Amino acid sequence: MKKIIPAYLRVIALFFIIFGLIEYFIDSGDRPAFIKFPMVNLILLVVLVLLVAIEAVVKAADNIVYQLLSEEEKAKLAADENLKLTEKPWFKKLMSKLTRTVPIENEASLLLNHDYDGIKELDNNLPPWWVYSFYACIIFSAIYLVRFEIMGADNQEMELKKELAQAKIEVAEYMKNAPDLMDEKSVTQLTEPADLAIGKTLFENNCAACHRADAGGQIGPNLTDDHWILGGGIKNIFLTINNGGRDGKGMISWKGTLKPKEIQKVASYIMSLKGSNPKDAKAPDGDIWEEETPSVAEAK
Ligand code: HEC
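A quick note: this is a predicted structure, and the numbers were derived from the prediction, not measured.

**Considerations on the overall build of the protein**
- The helix and strand inventory of the protein stands at 12 helices and four strands.
- For 300 residues, the compact-globule formula gives about 19 Å, and the C-alpha radius of gyration of the protein, at 39 Å, lies well above that figure.
- By residue count, 12% of the 300 residues in the protein fall in the buried class.
- The long-range share in the protein, meaning contacts at least 24 apart out of those at least 6 apart in sequence, stands at 64%.

**Brief notes about the nonpolar core**
- Ranked by size, the top nonpolar core spans 16 residues in total, and within it Phe238, Ile241, Val266, Ala267, Tyr269 and Ile270 carry the most contacts.
- In terms of residues, this core owes the most to one element, helix α11 (residues 260-272), which gives five residues.
- Not counting residues within four places of it along the chain, the set of residues in contact with Ile241 comprises Trp254, Ile263, Val266 and Ala267.

**Some remarks on the site of the ligand**
- In the vicinity of the ligand there are 26 residues, among which Cys207, Cys210, Gly220, Gly245 and Met251 approach most closely.
- In terms of residue class, the shell around the ligand is made up of 16 nonpolar, seven polar and three charged.

**Quick look at the domain arrangement of the protein**
- Here the protein is partitioned into domain 1 (7-82) and domain 2 (193-291).
- Spacing between the C-alpha centres of domain 1 and domain 2 amounts to 63 Å.

**Focus: the pairing of strand β2 (residues 119-122)**
- Note that strand β1 (residues 111-116) and β2 share three bridges and pair antiparallel. Opposite Leu111, over in β2, you have Leu122 as the bridge partner.
- Here β1 folds back onto β2, and the loop between the two strands holds two residues, one of which, Asp117, carries a positive phi near 45 degrees.

**A word on unusual backbone geometry**
- If you check the backbone angles, Arg100 has positive phi at about 50 degrees while not being a glycine.
- Here Arg100 shows up in the loop between α5 (89-99) and β1.
- The exposure class assigned to Arg100 is partly exposed, which follows from the 14 C-beta atoms found within 10 Å.
- Phi is positive for Asp117, close to 45 degrees, though the residue is something other than glycine.
- Take Asp117: it is sitting in the loop between β1 and β2.
- Among the residues examined, Asp117 registers 4 C-beta atoms within 10 Å and is labelled exposed.

**A closer look at α11**
- Here α11 spans 18 Å end to end across 13 residues, near enough to the 18 Å set by a 1.5 Å rise per residue.
- Taken together, the buried positions of α11 are occupied by Pro260, Ile263, Gln264, Lys265, Val266, Ala267, Ser268, Tyr269 and Ile270.
- Looking at the buried side of α11, the elements it contacts are α8 (193-206) and α10 (233-243).

**Here's the deal with the UniProt feature "transmembrane region" (unreviewed entry) in the protein**
- Annotation from UniProt places "transmembrane region" (unreviewed entry) at residues 7-26, 38-58 and 129-146.
- Spanning residues 7-26, this segment combines 95% helix with 0% strand, and its end C-alpha atoms are found 28 Å apart.
- When the span residues 129-146 is considered, its composition is 100% helix and 0% strand, and the gap between its end C-alpha atoms is 26 Å.

Definitions and limits used
- Residues numbered from 1 in each chain as written.
- Predicted model: local features only at pLDDT ≥ 70, side-chain atom pairs only at ≥ 80, totals over all residues.
- Helix = DSSP H or I, 4+ residues; strand = E, 2+ residues; numbered from the N terminus.
- Rg over C-alpha atoms; globule rule 2.2 N^0.38 Å.
- Buried ≥ 20, exposed ≤ 12 C-beta atoms within 10 Å, placed from the backbone.
- Contact = placed C-beta atoms within 7 Å.
- Core = buried A, V, L, I, M, F, W, Y, C linked by C-beta atoms within 7 Å.
- Near = placed C-beta within 6 Å.
- Nonpolar A, V, L, I, M, F, W, Y, C, P; charged D, E, K, R; others polar.
- Domains from an automatic or database assignment.
- Pairing = 2+ DSSP bridges.
- Expected span 1.5 Å × (residues − 1).
- UniProt positions renumbered as here; feature names shortened; annotations may be inferred.

Now the structure itself:
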C-alpha cells in the first residue's frame, strides 16, 4: 500500500528527531551525549530496532487487513490511492471546513435580492481561516497593548541593553574563574596586600606541611633564599607549582587543586618572602637565580 512518506524515510527521520532530542536534553558538557555516556548508544540502538519493528508490524497488519477486504473494497481503495491530493475526500473535507464555500449548484441560496444593471451579489460566508486569524489578531493586539503600553514591558532596545549589561556581568564572572586564562607565560607578580594575604592563607593550608609555615624549608626546599632548584621568578615558580617538581621528589602538580589565579597568588606570596631569613631555615638548594633583564618585548 502506498503511503505519502516511504517507511525507511520515516524510520530515519524519527530516529534523528529522537537522537536530537536526547542530545538536547542530556547535559553532556562540551562532548556529545552519545560519546560521553555509552549508555545513550544502547538506548539509540533500542530506539532504532523498535522503530523498524513498529514499521514492520504496521506493514504486516496493513497487509492482513488488505487480504480481508472484498474485491469491491480493494478496487475502491486502489481508486482512492490513485486520486490526486486535491481530490482525496479528507482533503476536500478540510478545505470545505476552512473556507465554508457553498457548492456552485446551491449558489442561488446566497443571492442577495438586488440587481444593479445585471450585476448580482452573493452573500458568501467569510472563510473561517480568515475569521479566526482576525480574532487572533484582536486578542494579540489587546495583550500587546496592555503589556507594552500599560505595564511598560521592555521594548527591543531596552532588551538589548539589559542583555548586554547581563553579558558584561557574566564575562566578568567568567574571567574570575576562567581556568585557562593564565599560564606561566602570562602570569604577573601581584603585590597588593589583599592578594598576598590570600596567597599566605593558601600557602599555610597547602604548602606549609613541607615548606614550613615561614617557607624556611623542611621536606621541600627553602623558598625564601636566592637559590632555586627549578628556577626563580614568578614565571618559573608558577610553572613549578602548576606542573610539580622533579619526579619522585615529593612536589606534586597543583593544577586542578588550585586555580591558576590562586597559583598566581601563592607564587606572588612566595616571591614576597624573598630575603625574609626565617630562623633555622633549610640550607640553600639549587643555584642562585637572577632575574633576567626583561626583553624588549616584555618591557613594552
Ligand atoms: C609533600 C610535600 C610538599 C608540598 C605539600 C609542597 N611542596 Fe613544594 N616542593 C616540595 C619538594 C620536595 C620540592 C623540591 C622539588 C624538586 O626538587 O624537584 C618542592 C619545590 C617547590 C618549589 C621550587 C623550589 C625551587 O627551589 O625551585 C616551589 C616554588 C614550591 N615547591 C612551592 C610549593 C607550593 C606553593 C606549595 C603549595 C601549594 C607546595 N610547594 C607544596 C615538597 C612539597
